[in-house]
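# Reading the structure
Residue strings, one per chain:
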Amino acid sequence: MVSLSLCMIVKNEEDVLGRCLESVKDLADEIIIVDTGSDDHTKEIAAHYTEQICDFEWRDDFSAARNFAFSKGTKDFLMWLDADDVIPGGEAERFKRFKETLAPDTDVVMMPYAVSFDGAGRSTFTYYRERIVRNHAGYYFQGRVHEAVNPSGKIVYSDIRVEHHKIKAPDSGRNLRIYEEMERAKETFDSRALYYYGRELLYHRKYEKAADVLEKFLDRPDGWIENRIDAARKLAACCYGMGDEGAALGWLFRTFEYDVPRGETCCDLGRHFMDRGKYDQAVFWYKEALHAKKAEVSGAFIEEDCYGFLPAISLCVCYDRMGRWEEAVKYNELAGSYKPESPYYLENKNILRVSRPG
């Protein structure tokens, strides 16, 4: 069986680190904790699980810190987690079996990353990440922010899920600050960095600057297809923010240049037409969302509700406003099959029962 080094970077994670390490203590053969400047009890908590704790001076570069952590790993494979990640109990047992059968010549293991959840604990936002890499094979993180390892060689896809459960809000301006410092210093932005810089600008409602950066990203020939699809959607959001609805619609349709329609874009289009009272067009796009391609292993950001609950509940609303009661009931029940506890489904059910014709 192959051996595994868990390599983590942490700072002031006393609220979550124990939870993370408790979930993986029986999975890793060695645990490396690299502290980037904690002034709480993070190190003391880490010491309950490992003696391999070292310091790294933080310099606004996540890749530098993660690569330092990787350099300390001595086992066959290197795995990374954030302090607010966990491997759920049932997944941990599967992980043990997976590790027992992992071929030594594997280069990269991709695993789904669930980062957002609904009230019932179901994942609402997932994507695949390069989670495990073969040691001493030249794999390293790139990018000061939104750092990543470029997957190559023999890649294995596992469906064992890592979950990201935040307790405290992160520094919302940190990533944008780093990108803006890079721009002021005239550092070179590769395509991936340009894409994420545009996203950070959008999140901070700097619509004009975000649109400029995202368009520059799309003008480059080497942008990853999933990032290009999402960049076009984000450009639509910028246009809505600037009050240019026509341009927003154009950017949503632009996503179709890169691949077949995704559920997320179909829901964006459905919302566009529903908000403008164009219910026939909205119905068309929400139905497309129900049958859209879910690019699960491509690394795309998957908004799970866009492939079930959201189009179904929206179709209910559209049909109700069109006076088509039977279709409204049908799609509300479909929405309930995805989320039976949803207050939207339950409220619609009561409203439709009261307003039933005859």
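Computed from a prediction, not measured in an experiment: that's the story for all the values here.

Right, let's talk about the overall build of the chain for a bit. When its secondary structure is counted, the chain shows 14 helices and 12 strands. Taking 358 residues into account, the globule formula puts the C-alpha radius of gyration at 21 Å, and the chain, at 23 Å, falls close to it. Along the first, second and third principal axes, the C-alpha set of the chain runs to 75 × 45 × 40 Å. In the chain, which comprises 358 residues, the proportion classed as buried is 51%. Of all intrachain contacts in the chain linking residues separated by at least 6 positions in sequence, the fraction that spans at least 24 positions is 66%. Only carbon and sulfur atoms are counted for the fraction: they give 49% of the accessible area of the chain, which is about 17100 Å². Taking the average location of the 50 positive side-chain charges in the chain and that of its 63 negative ones, the two points are 3 Å from each other.

The next thing to look at is the UniProt feature "domain: Glycosyltransferase 2-like" (unreviewed entry) in the chain. The positions that UniProt labels "domain: Glycosyltransferase 2-like" (unreviewed entry) are, in the present scheme, residues 5-121. Split by type, residues 5-121 is 32% helix and 26% strand. Its first and last C-alpha atoms lie 29 Å apart.

On to the pairing of strand 7 (residues 123-134). The element strand 7 is largely enclosed, with a buried count of 9 among its 12 residues. Across 3 bridges, the pairing between strand 4 (residues 77-80) and strand 7 is antiparallel. What sits directly across from Met79, in strand 7, is Ile132. Between strand 6 (residues 108-117) and the antiparallel strand that follows it, strand 7, lie 5 residues; Gly121 among them carries a positive phi value of about 85 degrees.

This part is about unusual backbone geometry. At Asn12, a residue that is not glycine, the phi angle is positive and equals roughly 50 degrees. Looking at where Asn12 falls in the secondary structure, it is placed in the loop between strand 1 (4-10) and helix 1 (17-24). The phi dihedral of His136 falls on the positive side, at around 60 degrees, and the residue is not glycine. Note that His136 resides in the loop between strand 7 and strand 8 (141-142).

Here, disulfide denotes a covalent bond that connects the sulfur atoms of two cysteines. Evaluation of the coordinates by the stated rule reveals 0 disulfides. There is no disulfide at Cys239, and the cysteine sulfur nearest it, in Cys238, is 6.7 Å away. According to the relative accessible area criterion, Cys239 is buried, its value standing at 6%. The thiol of Cys306 is not disulfide-bonded; the next cysteine sulfur, from Cys267, is found 4.0 Å away. A residue is classified by how much of its surface remains accessible, and Cys306, at 5% relative accessible area, is buried.

With 14 residues, helix 13 (residues 325-338) should reach 20 Å at 1.5 Å per residue; the first-to-last C-alpha distance of 20 Å fits that figure. Three or more residues of helix 13 are buried, namely Trp325, Ala328, Tyr331, Asn332, Ala335 and Gly336. For helix 13, the arc enclosing every buried residue in end-on projection is 150 degrees, short of the 170-degree limit, so these residues lie on one face. In this structure, helix 13 carries Glu326, Lys330 and Ser337 as exposed residues pointing more than 90 degrees from its buried face.

On to the environment of Ser191. With respect to the secondary-structure elements, Ser191 resides in helix 6 (residues 191-203). On the basis of relative accessible area, Ser191 is assigned to the buried category, the value being 5%. Remark: the alpha-carbon pair of Ser191 and Lys154, spanning 37 residues in sequence, is separated by 24 Å. Beyond its immediate chain neighbours, meaning those up to four positions away, Ser191 contacts Phe217, Arg220, Asp222 and Gly223.

Next up on the list: the nonpolar core. Inside soluble globular proteins, nonpolar side chains tend to come together where they are buried. Grouped together as the largest cluster of nonpolar side chains are 109 residues, with contacts concentrated most on Leu6, Met8 and Phe95. Beyond its immediate sequence surroundings of up to four residues, Phe95 is in contact with Leu4, Leu27, Met79, Ile87, Met111, Ile132 and Ile160.

We now examine a negative patch on the surface. Together, Glu14, Asp15, Asp39 and Glu44 give the surface a local cluster of negative charge. Mapping Asp15 onto the fold places it in the loop between strand 1 and helix 1.

So, about the side chain of Asn332. Within the element layout of this structure, Asn332 appears in helix 13. Judged by its relative accessible area of 1%, Asn332 is buried. At 3.3 Å, the side chain of Asn332 and the side chain of Asn348 are in polar contact. Beyond its immediate chain neighbours, meaning those up to four positions away, Asn332 contacts Ile313, Cys316, Tyr344, Tyr345, Asn348, Lys349 and Leu352.

Moving on, we come to the pairing of strand 1. Counting buried residues along strand 1, 7 of its 7 residues qualify, which places the element largely inside the surrounding structure. Residues Leu4, Leu6, Met8 and Val10 line one face of strand 1 and the alternating positions Ser5, Cys7 and Ile9 line the opposite face, and both faces are buried. The sheet contact formed by strand 1 and strand 4 spans 4 bridges and is parallel. Note that in strand 4 the partner of Cys7 across the bridge is Trp80. The pairing of strand 1 with strand 2 (residues 30-35) spans 6 bridges and is parallel. Paired with Ile9 across the bridge in strand 2 is Val34. For the handedness criterion, the β-α-β arrangement of strand 1, helix 1 and strand 2 is classed as right-handed.

The rules behind the values
- Residues numbered from 1 in each chain as written.
- Predicted model: local features only at pLDDT ≥ 70, side-chain atom pairs only at ≥ 80, totals over all residues.
- Heavy atoms only, no water.
- Helix = DSSP H or I, 4+ residues; strand = E, 2+ residues; numbered from the N terminus.
- Rg over C-alpha atoms; globule rule 2.2 N^0.38 Å.
- Buried < 20%, exposed > 50% of the residue type's maximum accessible area, 1.4 Å probe, protein only.
- Contact = heavy atoms within 4.5 Å.
- Areas by Shrake-Rupley, 256 points an atom, 1.4 Å probe, with all protein chains shown as cover.
- Lys, Arg positive; Asp, Glu negative; His and termini not counted.
- Charge placed at Lys NZ, Arg CZ, Asp CG, Glu CD.
- UniProt positions renumbered as here; feature names shortened; annotations may be inferred.
- Pairing = 2+ DSSP bridges.
- Disulfide = S-S within 2.5 Å.
- Expected span 1.5 Å × (residues − 1).
- Arc of directions from axis to C-beta.
- Core = buried A, V, L, I, M, F, W, Y, C linked by side-chain atoms within 4.5 Å.
- Patch = residues over 30% accessible without salt bridge, like charges linked within 9 Å, V, L, I, M, F, W, Y side chains within 5 Å.
- Salt bridge = Lys/Arg side-chain N within 4 Å of Asp/Glu carboxyl O.
- Polar contact = N/O pair within 3.5 Å; in protein donor to acceptor, adjacent residues only side chain to side chain.
- Right-handed = clockwise from strand over helix to strand, strands pointing away.

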